[in-house]
Amino acid sequence: MRGFALSLVLLLAACGSSSVIAIPAAEWQPSSPALREKAREFEQVSRAVAASAEKECRRQARSANCDFAILVDLSSRAPANAFQTLDEDGRPLIIFTRPMIDSTENAEEMAFVMGHEAAHHILGHIARQTKNAKESARIFGELARKQGADDAGIERAQALGAEVGVQNYTRVFELEADRLGTKITHAAGYDPMVGMVFFQRIPDPSDRFLATHPPNAERVEAVLQTARQLGLR
Ligand SMILES: [Zn+2]
């Protein structure tokens with residue numbers, strides 16, 4: 001999967017990110033005229049999706065902070081990627097790298113990826129994933145201890161448990177985020193059916209051993225189902 005777009009995007013979605021130099025979408029002024037046009041479009045989409053995500057976030061009332069900030073990662077060697085994280089004050093951040101913005105073909109695709117990332121926050125996925133990892137680490141560690149493992153063995157079992165705990169839920173979380181993301185994209189004034197074409201340009205993770213992400217077909221179906229519920233088709 002490495003290297004490109006949404007599959008990578010999604011894997012990072014629930015991980016914190018420590019070394020990113022990012023600026024608000026409104027402050028990004030690239031020098032090339034083509035990219036400047038894209039930057040303007042990105043800023044417009046950011047405003048619409050942040051507003052629609054904030055409304056949905058308050059409606060669901062699961063997270064204390066619904067004040068989304070959408071940022072551009074300026075690191076020069078960053079791969080095409082978008083992810084969601086929190087700042088020190090718990091404010092939800094959605095960060096796009098420049099290659100990621102460049103790889104979207106229209107405003108719909110930008111909005112769709114943004115809506116998906118916002119959905120991760122609204123659904124509390126970071127906290128839920130941390131909790132799953134901790135629980136699974138505890139269970140694996142306990143089993144190893146009962147089998148007479150030494151401290152190092154227990155630690156290894158806990159690390160494996162944490163990984164399994166994360167992987168078990170990633171697929172579920174991704175599909176949840178696709179469904180709610182579809183709703184947010186639509187409410188922001190963009191067509192999720194056009195936006196999801198983005199899936200067709202990224203490698204399908206279904207053929208990977210221990211795939212943590214749902215196959216693209218499953219994701220497309222999740223979007224279509226939601227679109228039907230919204231009366232879009
Ligand atoms: Zn995701």
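See the structure above.
Note that the coordinates shown come from a computational prediction; the quantities given were computed from them, not determined experimentally.

Criteria and cut-off values
Residues numbered from 1 in each chain as written. Predicted model: local features only at pLDDT ≥ 70, side-chain atom pairs only at ≥ 80, totals over all residues. Heavy atoms only, no water. Helix = DSSP H or I, 4+ residues; strand = E, 2+ residues; numbered from the N terminus. Buried < 20%, exposed > 50% of the residue type's maximum accessible area, 1.4 Å probe, protein only. Contact = heavy atoms within 4.5 Å. Areas by Shrake-Rupley, 256 points an atom, 1.4 Å probe, with all protein chains shown as cover. Expected span 1.5 Å × (residues − 1). Phe/Tyr/Trp six-rings, centres within 6.5 Å; stacked < 30°, edge-to-face > 60°. Axes fitted to C-alpha atoms, helices over the stretch in contact; angles between N-to-C directions. Left-handed = near helix turned anticlockwise from the far one by under 90°. Nonpolar A, V, L, I, M, F, W, Y, C, P; charged D, E, K, R; others polar. Disulfide = S-S within 2.5 Å.

Participant: Can you explain the overall build of the protein? Please cite residues and give values.
Facilitator: Along the backbone of the protein there are 8 helices and 4 strands. Starting at the N terminus and ending at the C terminus, the protein contains elements arranged as α-β-α-β-β-β-α-α-α-α-α-α. When the 233 residues of the protein are sorted by exposure, 48% land in the buried category. Summarising the internal contacts of the protein: among those between residues at least 6 apart in sequence, 73% fall at separations of at least 24. As presented, the protein carries roughly 11600 Å² of accessible surface, and 52% of it is formed by carbon and sulfur atoms.

Participant: Just give me the short version of helix α8 (residues 216-229), but keep the residues and values in it.
Facilitator: Between its terminal C-alpha atoms α8 stretches 20 Å, which fits the 20 Å expected from 14 residues at 1.5 Å a residue. Among the residues making up α8, those that are buried are Asn216, Arg219, Ala222, Val223, Leu224, Thr226 and Ala227. The first or second residue beyond α8 is Gly231, which carries a positive phi of 75°.

Participant: For the packing of aromatic side chains, give the residues involved together with the corresponding values.
Facilitator: What the rule picks out here adds up to 2 aromatic pairs. Aromatic side chains Phe42 and Phe96 sit 5.0 Å apart centroid to centroid with 65° between the ring planes, which places their arrangement in the edge-to-face category. You can see Phe42 sitting in helix α2 (residues 33-60) and its partner Phe96 sitting in strand β4 (residues 92-97), a full 54 residues away along the chain. Each of the two residues, Phe42 as well as Phe96, counts as buried. Look at Phe112 and Phe199: their rings are 5.5 Å apart centre to centre, the planes differ by 85°, and that puts the pair in the edge-to-face class. With Phe112 in helix α4 (residues 107-122) and Phe199 in the loop between α7 (192-195) and α8, this residue pair connects regions lying 87 residues apart in the sequence. Relative accessible area serves as the criterion here: at 2%, Phe112 is assigned to the buried category.

Participant: Pulling in residues and values, what's your account of the packing of α2 against α4?
Facilitator: Where α2 contacts α4, the two axes come as close as 9 Å, and the packing angle between them is 35°. Read as a crossing pair, α2 and α4 show a hand that is right-handed. Contacts between α2 and α4 involve Lys38, Glu41, Phe42, Val45, Ser46, Val49, Ala53, Glu56, Cys57 and Gln60 from the first element and Ala107, Met110, Ala111, Met114, Gly115, Ala118, His121 and Ile122 from the second. Grouping the constituent residues of the contact of α2 with α4 by class yields 11 nonpolar, 4 polar and 3 charged.

Participant: Could you give an account of the state of the cysteines, with specific residues and numbers?
Facilitator: Following the criterion strictly, the structure yields 1 disulfide and no others. Cys57 shares a disulfide with Cys66; S-S distance 2.1 Å. Here Cys57 and Cys66 share a disulfide; its torsion about the S-S bond, -75°, makes the bridge left-handed. Residue classification places Cys57 among the buried residues on the basis of a relative accessible area of 0%. On the basis of relative accessible area, Cys66 is assigned to the buried category, the value being 3%.

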